[in-house]
Amino acid sequence: MALTFFFVPFFLVGCSSANEQTIRIYNESEVGGVRADVEGVIAETDEVYNGIAVFVEDELLVSLQVKPWLAFKKQKIEERLQKQFDEQYPDLNVLVSTDFKLYWESEKLLEEKDQQKVVDEVQKLKELAKEET
Amino acid sequence: MDAEQYQSIEQQITPPTPYLKNVLKAFLIGGIICTIGHAITYFYIIFFDFTEKTSGNPTVATMVLIAAILTGLGLYRKLGQFAGAGSAVPVTGFSNAVVSAAIEGRTEGLVLGVGSNIFKLAGSVILFGVFSAFFVALIKLILVSVGVVEW
């Protein structure tokens, strides 16, 4: 019985802040008007609960966090959005990723002031995302 | 006493197996082991240059190392007695099977003892793992070449 009560808080934690979606954007790119577009596209994707888009020079890194119960759809969401952004911004190097590593690092980039550092970091992350082993 | 009588007496005396309790124990301990594994995955993702795709290998290596040390100290046996399948099914159980077999063969020397005993239990896991992986890959290859699925 005591054990049951011990686990109650863990189940209740799942109920909090259920339907909020946060989208943050780092925008140092010259391309105007794209900010709202990206925000809209991410907001339309129901499976995603957190999104960060980093615009810098000609790079665009979109890192997303997919809802835990829909994690099996990760790859499909990635492919769909990648295609969509590629068509939308043919002059940008776009990478859409649902990987936690990329999300974690992009979150840090939001605070970064030095633009060159952000460019380097984004390029490093794109390299990292290609690695298979 | 004939065989039937013996069986009925035996069934009366044997205490009932606490299935539900065993399942709960295995669920809890197995879950805790997997939670630790997941924490290690996040450790590698956050502090090193590993992505979700690549962090699996160092995580497995770390879990195997931890379980090997626990086996050597004799602690994994106690955990196994309590949790049963919960401690045998995760990769830590595999590590335990390798290390305990190696310890068992230690007295017979390094080559004929440790060398020949180390995969006594885990050998079949490796054999059938490789075997089934080969066949799954073969089926997928056929499906891809026919055009049913993509890679």
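Position labels on residues start from 1 in each chain and follow its written sequence. Lettering for chains starts from A, numbering for ligands starts from 1, and both go in the order in which the items are written. The model is predicted, so local features are restricted to residues of pLDDT at least 70 and side-chain atom pairs to those at 80 or more, both for listing and for counting; the totals for chains, interfaces and linings are taken over all residues. Heavy atoms throughout the structure, all of them, feed into the side-chain values; hydrogens and water do not.

1. Regarding the overall build of chain B
Here is the rule we go by: What counts as a helix is a DSSP run of H or I of at least four residues, what counts as a strand is a run of E of at least two, and both are numbered from the N terminus. C-alpha atoms define the radius of gyration in this analysis, and the globule rule sets the expected value at 2.2 Å times the number of residues to the power 0.38. Between buried and exposed lies partly exposed: a residue is buried under 20% and exposed over 50% of the maximum accessible area for its type, with that area taken using a 1.4 Å probe on protein chains only.
Each helix and strand in chain B was counted, giving eight helices and zero strands. Secondary structure elements in chain B, listed N-terminal to C-terminal, are α-α-α-α-α-α-α-α. Its C-alpha atoms give chain B a radius of gyration of 21 Å, more than 25% over the compact-globule value 15 Å for 151 residues. Taking the principal axes of the C-alpha coordinates as reference, chain B spans close to 65 × 45 × 40 Å. Here chain B holds 151 residues, and 24% of them are scored as buried.

2. Topic: the overall build of chain A
The cut-off we apply is this: Throughout, the Shrake-Rupley method with a 1.4 Å probe supplies accessible areas, and for residues the shown protein chains are the sole cover considered.
Assigned secondary structure in chain A consists of five helices and four strands. Along chain A, from the amino end to the carboxyl end, the secondary structure elements read α-β-α-β-β-α-β-α-α. Buried positions account for 38% of the 133 residues belonging to chain A. For chain A, the computed accessible surface area is about 8200 Å², with 55% contributed by carbon and sulfur atoms.

3. Here's the deal with the domain arrangement of chain B
To be explicit about the condition: Each domain span listed reflects an automatic or database assignment of domains.
Segmenting chain B into domains produces domain 1 (19-120) and domain 2 (123-151). Using only C-alpha atoms to locate each centre, domain 1 of chain B and domain 2 of chain B end up separated by 26 Å.

4. Re the environment of A:Q123
The topology assignment puts A:Q123 in helix α5 (residues 115-130). On the basis of relative accessible area, A:Q123 is assigned to the partly exposed category, the value being 39%.

5. Some words on the packing of helix α3 (residues 56-72) of chain B against helix α6 (residues 91-104) of chain B
All names here are of chain B. Stated precisely, the cut-off is as follows: Under this scheme, a helix contributes an axis fitted over its contacting stretch, all axes are lines through C-alpha atoms, and angles between N-to-C directions fall in the 0 to 180 degree range. Angular relationships are summarised with four words: roughly parallel below 35 degrees, roughly antiparallel beyond 145, roughly perpendicular across 65 to 115, and oblique for the angles in between. A clockwise turn of the near helix away from the far one marks a right-handed crossing, whereas an anticlockwise turn of less than a right angle marks a left-handed crossing. The contact criterion used is simple: two residues touch if any of their non-hydrogen atoms lie within 4.5 Å. Under this grouping Gly is polar, as are all residues other than the nonpolar Ala, Val, Leu, Ile, Met, Phe, Trp, Tyr, Cys and Pro and the charged Asp, Glu, Lys and Arg.
Two numbers describe how α3 lies on α6: the axes approach to 8 Å, and their chain directions differ by 45°. Judged by the angle between their axes, α3 and α6 are oblique. Between α3 and α6 lies a crossing of right-handed hand. In this structure, α3 contributes V60, M63, V64, A67, A68, T71 and G72 to the contact, and α6 contributes V91, T92, S95, N96, V99, S100 and I103. Partitioning the contact of α3 with α6 into residue classes produces eight nonpolar, six polar and no charged.

6. Notes on the packing of aromatic side chains
Filter applied, for reference: Any Phe, Tyr or Trp ring, taking Trp's six-membered ring, that has another such ring centre within 6.5 Å forms a pair; planes under 30 degrees apart are called stacked, those over 60 apart edge-to-face, and the others tilted.
In total, this model carries ten aromatic pairs over all chains according to the counting rule given. Ring geometry for A:F100 and B:Y42: centres 4.8 Å apart, planes at 85°, overall edge-to-face. With A:F100 in helix α4 (residues 100-109) and B:Y42 in helix α2 (residues 19-47), the pair connects residues from two separate chains. On the basis of relative accessibility, which here comes to 13%, the residue A:F100 falls in the buried class. Geometrically, the ring pair formed by B:F43 and B:F47 is tilted, given 5.4 Å between the ring centres and 50° between the ring planes. Of this pair, B:F43 and B:F47 both sit in helix α2, four residues apart, which is roughly one turn of that helix.

7. Points about the interface of chain A and chain B
For clarity, the cut-off: Once two parts are joined, some of their accessible surface, as seen by a 1.4 Å probe, is lost; buried area is that loss totalled over both. Counted as salt bridges are all cases of a side-chain nitrogen of Lys or Arg within 4 Å of a carboxyl oxygen of Asp or Glu. Nitrogen and oxygen atoms within 3.5 Å of one another constitute a polar contact, given that in protein one can donate a hydrogen and the other can accept it, and given that sequence-neighbouring residues count only through two side-chain atoms.
Taken together, the 15 residues of chain A in the interface contact eleven residues of chain B. Each partner contributes to the roughly 1200 Å² buried at the junction of chain A and chain B, and carbon and sulfur atoms together form 57% of this total. When the buried area of chain A at its contact with chain B is split by residue, A:D99, A:F100 and A:K101 rank highest and sum to 40% of it. Run the count over chain A and chain B and you get four salt bridges. When the shortest N-O distance is used, the salt bridge between A:K74 and B:E52 registers 2.7 Å. Remark: the boundary between chain A and chain B carries five residue pairs in polar contact (both at pLDDT 80 or more). Those elements that provide at least two residues to the side of chain A that touches chain B are α1 (2-13), α4 and α5 of chain A. Among the elements that line the side of chain A that touches chain B, the one with the most residues is α4(A), at four residues. Of the residues in the side of chain A that touches chain B, the class split is seven nonpolar, two polar and six charged.

8. With respect to the pairing of strand β3 (residues 59-66) of chain A
Residues and elements named next belong to chain A. Where we set the bar: When DSSP finds two or more bridges between two strands, those strands count as paired.
Burial runs high along β3: eight of the eight residues are buried. Going residue by residue along β3, you find E59, L61, S63 and Q65 tucked away on one face and L60, V62, L64 and V66 tucked away on the opposite face as well. As paired elements, strand β2 (residues 48-56) and β3 share eight bridges and run antiparallel to each other. In the sheet register, G51 faces β3, and the bridge partner there is L64. Bridge analysis of β3 against strand β4 (residues 93-97) gives five bridges, and the strand direction is parallel.

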